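Chain and residue survey
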Number of protein chains: 2
Amino acid sequence: LKLTGEVELVKMIQRLAGSPAGSRVVLGIGDDAAIYRPKTGDDLVFTTDMMIQDVHFVRATHPPAAVGHKALARGLSDLAAMGAEPRFSLLSVAFPMTAERAWITAFFRGFIRLARDTGAVLAGGDLARAERFFCDVSACGAVAQGQALRRDGARPGDVLCVSGHLGGSALGLASRRGAAWRRHLRPNPRLDLGIFLRETLRATAAIDVSDGLSLDLYRLCLASGVAGRIDGPLPVFHGATMEQALHGGEDYELLFTLPAKTDLPSAYAGVPLTRIGTIERGPPGYVEFRGEPLPPLGYDHFRVSPHP
Amino acid sequence: LKLTGEVELVKMIQRLAGSPAGSRVVLGIGDDAAIYRPKTGDDLVFTTDMMIQDVHFVRATHPPAAVGHKALARGLSDLAAMGAEPRFSLLSVAFPMTAERAWITAFFRGFIRLARDTGAVLAGGDLARAERFFCDVSACGAVAQGQALRRDGARPGDVLCVSGHLGGSALGLASRRGAAWRRHLRPNPRLDLGIFLRETLRATAAIDVSDGLSLDLYRLCLASGVAGRIDGPLPVFHGATMEQALHGGEDYELLFTLPAKTDLPSAYAGVPLTRIGTIERGPPGYVEFRGEPLPPLGYDHFRVSPHP
C-alpha cells in the first residue's frame, strides 16, 4: 500500500525531528494530538488545526460564525479522540486589510461561543494581515496521567466501532440543505463520549473521523500495526451515499476499538454507537470492506492524484 | 494617544472573549504569552506566532532555513520575556503543491535545529496546502508557579533597561550585509537572560522588542498603567540609525524594568544590558524620548496609515 502525500511528508518531518526522548513530550508527531507530561498531575494534550479560505471553506458558502465554530471544533474533536477534557485554546488569525469588520466579528463570536460551551477558553493568539483569510487553532486538554486514548492501541480481536452517522458532512456540502448541511457547518465534537470511552468502556484506541472513515481507519490500523475488517452495517447518515459514508470527510465522529467482550451500549448521551467490524492480524493499515480491500481515499491535502 | 489597528482589534477580541475567570488560564489575551496553571507544579506559558510569505518574509530574500529558525525564534523570544524555559513547540505549515521539496526540507531543518538547541522539541502540528507559504508556531515554556515575568508589573520609580543593541534587524533588512543581516535572519532569543532577569534581578516587568522599541515600550507602559521616559543613551546597533533603533522591528531583545536600587550588571552571558530610562507616573502608555513624546510607530499589521 503506497501513499504519496501527507503521510510521506509527516514521515520526513518525524525523521528530521528525531525522537522527543529526554523531553517531557511522551507522544509526539503522528497521533491526533501530542502529550506533554508535567512532573505531577494530569497529562496535557495538544492539537493544532488550520482553516484556510478556499481550502477548508469558501466565503460564498460558509457563514463566518460557522467558520469560527468549525475552526475550534476540529481541534476539540482531536481532544475528544484522546479522551481529554478541554482546558484552553490559542487562535492565530490572518486576513486582508479589506475584510469587513462584521465578518471578522462573527467569526470570533462563533469561535468564542464554542470555546465557552466546552471549557476551551480563548487564552491568546496572534494577528496578521494576509491576502486571504486563514486561521490556526491550538487546543489543549487534560487527561489523567498515562490514560489518554491513542490511535496505536488497537489489538487483533478488538471490535471496531463508530459513533453517530457517517457521510452527513459530505452530503451537506453537496446539498446545502437540512440536517446534513447543519452537520457540515457546525460539527459537534464528541467530548463527553471520548471521556466515556476512556473511563468506562476502556477503549483500546480511538481516532476522530475528520478525513473520512477509509483514511482514518487506515491511520488507526497503521499506527497500531494491525489490519481492519468492516463487516457490520455502516451507520450511514440519512440520505448520504455509501461513497460519502466511506470516504467523506468532516463528520467528526469517533472511530474506536474495544476489547472483544465489552458490552457496547446502543448510544451514549444521545449519540448512537455502532459495531462495524473487527481488528485482525494482517499487514499494518490493510482494511477490508465486505470482503474487498478498502483504499484510504479520504481527504489528503498533498495527494498527487485529485480527490475522487 | 489613539491607536487604530491591532490594539483596537485585540480589545474587541478581549471584549468578546470575556474573562477567563473560573478556568485555569491565569493570564489571557494581551500579554506576550498566556499562562496556564495546573493544580500542582510549574505554570505553563504559551505563545503563538505566524510567519506569512510576503508579509513576514520574502522568498527571494530569506533562505528557507532562516525562515524556519525565525518562525520558532519569535515564540521563544516571547517565552524569554516571561522568564520561562522552553518545553515544546507545535508547527502548522501550509504551502502550494508546487513548493520545492528542498525549500520545505530546509525550512523544517532550520526550525528543528533551533527547537533542539533550546529544548522546544517539535511535538506536533498540522499540514495543508495554500496558495502561498505560511506557518503558525505555538511554543510552550515552564516557569515556577506565579513567577512568570509579565508586561503589567512596571511601577513608577523602576528603571527601564534593554538587552543587546537595537535597530540591527532593520539595518540588516535594508543593507543585507554583515552582522546586521545575520541578526535579521537568525535572531537569538534571550532565553537564559529572561531566567536571570526573573530569578536573580527580580525584574518587575518585561516584554520582547519584536515590533520596535517605541511600540513595545508603549505596550509595556499601557499594560502597567504607567508612563515611560527614555533619557539614557540608547544602545544602537553599529551602523543603524536612531530611527531604526527606536522603531525598527525584529530585534528580539528584552525590554525590562527593575526596582530602582537594583545593581544592573553591564552584561549577562555576553549580552550587554543598558539602563535607558525610568518608569514614571503619567498617562498609561505615554512615553517621552529626550523630552519629546515618542509615538508608538513600531510595526502594526492593521494600522491604517502605512508604516513610515
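Below is a summary of the structure that appears in this document.

What counts and how
- Residues numbered from 1 in each chain as written.
- Chains lettered and ligands numbered in written order.
- Predicted model: local features only at pLDDT ≥ 70, side-chain atom pairs only at ≥ 80, totals over all residues.
- Heavy atoms only, no water.
- Helix = DSSP H or I, 4+ residues; strand = E, 2+ residues; numbered from the N terminus.
- Rg over C-alpha atoms; globule rule 2.2 N^0.38 Å.
- Buried < 20%, exposed > 50% of the residue type's maximum accessible area, 1.4 Å probe, protein only.
- Lys, Arg positive; Asp, Glu negative; His and termini not counted.
- Charge placed at Lys NZ, Arg CZ, Asp CG, Glu CD.
- Salt bridge = Lys/Arg side-chain N within 4 Å of Asp/Glu carboxyl O.
- Least-squares fit on C-alpha atoms with pLDDT ≥ 70 in both.
- Contact = heavy atoms within 4.5 Å.
- Buried area = accessible area lost by both parts, 1.4 Å probe.
- Polar contact = N/O pair within 3.5 Å; in protein donor to acceptor, adjacent residues only side chain to side chain.
- Disulfide = S-S within 2.5 Å.
- Pairing = 2+ DSSP bridges.
- Axes fitted to C-alpha atoms, helices over the stretch in contact; angles between N-to-C directions.
- Parallel < 35°, antiparallel > 145°, perpendicular 65-115°, else oblique.
- Nonpolar A, V, L, I, M, F, W, Y, C, P; charged D, E, K, R; others polar.
- Core = buried A, V, L, I, M, F, W, Y, C linked by side-chain atoms within 4.5 Å.
- Left-handed = near helix turned anticlockwise from the far one by under 90°.
- Arc of directions from axis to C-beta.

This paragraph deals with the overall build of chain A. A count of helices and strands for chain A gives eight helices and 14 strands. At 19 Å, chain A has a C-alpha radius of gyration in line with the 19 Å of a compact globule built from 308 residues. When the backbone C-alpha atoms are referred to their principal axes, chain A occupies close to 55 × 50 × 40 Å. Counting every position in chain A, which comprises 308 residues, the buried fraction comes to 62%. Both charge centroids of chain A, one from 34 positive and one from 32 negative side chains, sit 3 Å from each other.

Residues and elements named next belong to chain A. Here the structure, examined in full by the defined rule, presents 30 salt bridges over all chains. Here Arg198 and Glu199 are joined by a salt bridge, their closest N and O atoms 3.7 Å apart. The class for Arg198 is buried, based on a relative accessible area of 13%. On the accessibility criterion, Glu199 (47% relative accessible area) is partly exposed.

Time to look at the relation of the copies chain A and chain B. Once chain A has been moved 0.0 Å along the axis and rotated by 180 degrees, it coincides with chain B to within an RMSD of 0.0 Å. Read as a symmetry element, the transformation amounts to a two-fold axis. Residue by residue, 100% of the interface of chain A is reproduced at the interface of chain B, so both copies engage with the same surface.

Our focus in this paragraph is the interface of chain A and chain B. Each partner contributes to the interface: chain A provides 62 residues, whereas chain B provides 62 residues. Note on chain A versus chain B: buried area summed over both sides is about 5400 Å², and carbon and sulfur give 70% of it. Linking chain A to chain B there are two salt bridges. The shortest N-O distance in the salt bridge between Arg132(B) and Glu131(A) comes to 3.1 Å. The interface formed by chain A and chain B contains 18 residue pairs in polar contact (both at pLDDT 80 or more). Listed by contribution, the elements that provide at least two residues to the side of chain A that touches chain B are α1 (6-17), β1 (25-27), β2 (34-36), β3 (43-52), β4 (85-95), α3 (101-118), β5 (122-129) and β6 (134-143) of chain A. In terms of residues, the side of chain A that touches chain B owes the most to one element, β5(A), which gives eight residues.

Let us look at the state of the cysteines. A full pass over the atoms with the stated rule returns zero disulfides over all chains. Left unpaired, Cys135(A) is separated from the closest cysteine sulfur, that of Cys135(B), by 15 Å. This cysteine, Cys140(B), is not joined by any disulfide, and Cys140(A) carries the nearest cysteine sulfur, 8.4 Å off. Overall, the relative accessible area of 0% leaves Cys140(B) in the buried class.

Turning our eyes to something else, we now look at the pairing of β3(A). Two faces make up the sheet, and in a regular strand the side chains alternate between them. Residue and element names in this part refer to chain A. Among the 10 residues in β3, 10 count as buried, and that is most of the element. Of the two faces of β3, the one lined by Asp43, Val45, Thr47, Asp49 and Met51 and the one lined by Leu44, Phe46, Thr48, Met50 and Ile52 are each fully buried. The sheet contact formed by β2 and β3 spans three bridges and is antiparallel. Its bridge partner being in β3, Tyr36 is matched across the sheet by Leu44. Hairpin remark: β2 followed by β3, antiparallel, with six residues in the connecting loop; positive phi at Gly41, about 85 degrees. Bridging between β3 and β6 involves 10 bridges; their strand directions are antiparallel. Looking at the pairing, Met50 lines up with Asp136 of β6.

This brings us to the sheet that holds strand β2 (residues 34-36) of chain B. Residues and elements named next belong to chain B. Pairing is mixed in the open sheet, where six strands are placed in the order β1-β2-β3-β6-β4-β5. Since the sheet does not close on itself, it has two edges, and those belong to β1 (25-27) and β5 (122-129), each with one partner. Taken over all neighbouring pairs, the strand axes of this sheet differ in orientation by 25 degrees on average, direction set aside.

In this section: the packing of helix α4 (residues 168-175) of chain B against helix α5 (residues 178-185) of chain B. Two quantities define a packed helix pair, namely the angle between the helix axes and the distance between the axes. All names here are of chain B. Between α4 and α5, whose axes approach to 7 Å, the crossing angle comes to 110 degrees. Taken together, the axes of α4 and α5 lie roughly perpendicular to each other. Residues Gly168, Ser169, Leu171, Gly172 and Leu173 of α4 pack against Ala180, Trp181, Arg183 and His184 of α5. Within the contact of α4 with α5, the residues separate by chemical class into four nonpolar, four polar and one charged.

Across soluble globular proteins, nonpolar side chains show a tendency to be buried alongside one another. Counting 56 residues, the largest nonpolar core has Leu91(A), Val93(A), Phe107(A), Phe108(A), Phe111(A), Phe133(A) and Cys135(A) as its most contacted members. Grouped together as the second largest cluster of nonpolar side chains are 55 residues, Leu27(B), Val67(B), Ala206(B) and Leu258(B) included.

All names here are of chain A. Ordered by their spatial adjacency, six strands build an open sheet running β1-β2-β3-β6-β4-β5, and the pairing between neighbours is mixed. Looking at which strands have only one partner, the edges of the open sheet turn out to be β1 and β5. For this sheet, the mean inter-axis angle between neighbouring strands, taken without regard to orientation, is 25 degrees. Each of β4, β5 and β6 is contacted by α3, which is oriented at about 170 degrees to β4, the strand it contacts most.

This paragraph deals with the packing of α3(A) against helix α1 (residues 6-17) of chain B. One way to put it is that α3(A) packs onto α1(B) with a least axis distance of 9 Å and a crossing angle of 35 degrees. As for how α3(A) packs across α1(B), the hand of that crossing is right-handed. Along its contact with α3(A), which presents Arg101(A), Ile104(A), Thr105(A), Phe108(A), Arg109(A), Ile112(A) and Arg116(A), the element α1(B) presents Met12(B), Ile13(B), Leu16(B) and Ala17(B). Along the lines of polarity and charge, the residues of the contact of α3(A) with α1(B) split into seven nonpolar, one polar and three charged.

Attention now goes to α4(B). Every α-helix carries 3.6 residues per turn, so stepping three or four residues along brings you back to the same face. All names here are of chain B. Within the span of α4, buried status applies to Gly168, Ser169, Leu171 and Gly172. The arc enclosing the buried residues of α4, seen along the axis, measures out at 160 degrees, which places them on a common side. Against the buried residues of α4 lie α5 and α8 (242-247). Just past α4, the residue Arg176 takes up positive phi, approximately 55 degrees.

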